[in-house]
Amino acid sequence: MATTTAAQRREQARIAYDAFIKSCPTNQLLDRISDKWVSLVVSALADGSMRYSDLGRKIAGVSPKMLTQTLRSLERDGIVTRTVTPSVPVRVDYELTPLGTSLTCLLSAVKDWAEQHFEEVNEARERYDASPEAS
């Protein structure tokens, strides 16, 4: 019986990933990166490092609790790094990692698409809501 190396087992598992299966780790990752706040944080950091307070001002509507949770999850996933500079008050900066930078083009494209096509989507919603099928 042939034994497989750890690298071979990892490659077999990678091939077996199927995001359509709820329990698959890739499904969970897709859930994370498709979050609205994740998309906005990654897009905001695309141009470089930002302070926590600047992110909070740039991303309208995000609560401090949600921003903190989102940044912590992105840091845990290796998408964002957090740098604390001891000063009064303490300065905390966030920056995309190379992994996060590779995600930027995708999430920024989704944000741009939403900004460019909102009117069309809104018109479609109005037509649908006015149709008999909506009842």
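All figures in this text were calculated on a predicted structure; none of them were measured in a lab.

Chemist: Explain the overall build of the protein to me, and be specific about the residues and the numbers.
Modeler: Helix and strand counts for the protein come out as six helices and three strands. Ordered by position from the N terminus, the helices and strands of the protein form the series α-α-α-β-α-α-β-β-α. The globule rule puts the C-alpha radius of gyration for 135 residues at 14 Å, and the 20 Å found for the protein is more than 25% above it. Here the C-alpha coordinates of the protein stretch approximately 65 × 55 × 25 Å along the principal axes. Residue burial in the protein is summarised as follows: out of 135 residues, 24% are buried. Restricting the contact set of the protein to residue pairs at least 6 apart, pairs at least 24 apart contribute 42%. For the protein, the exposed area adds up to about 9,900 Å²; of that, 57% sits on carbon and sulfur atoms.

Calculation notes
Residues numbered from 1 in each chain as written. Predicted model: local features only at pLDDT ≥ 70, side-chain atom pairs only at ≥ 80, totals over all residues. Heavy atoms only, no water. Helix = DSSP H or I, 4+ residues; strand = E, 2+ residues; numbered from the N terminus. Rg over C-alpha atoms; globule rule 2.2 N^0.38 Å. Buried < 20%, exposed > 50% of the residue type's maximum accessible area, 1.4 Å probe, protein only. Contact = heavy atoms within 4.5 Å. Areas by Shrake-Rupley, 256 points an atom, 1.4 Å probe, with all protein chains shown as cover.

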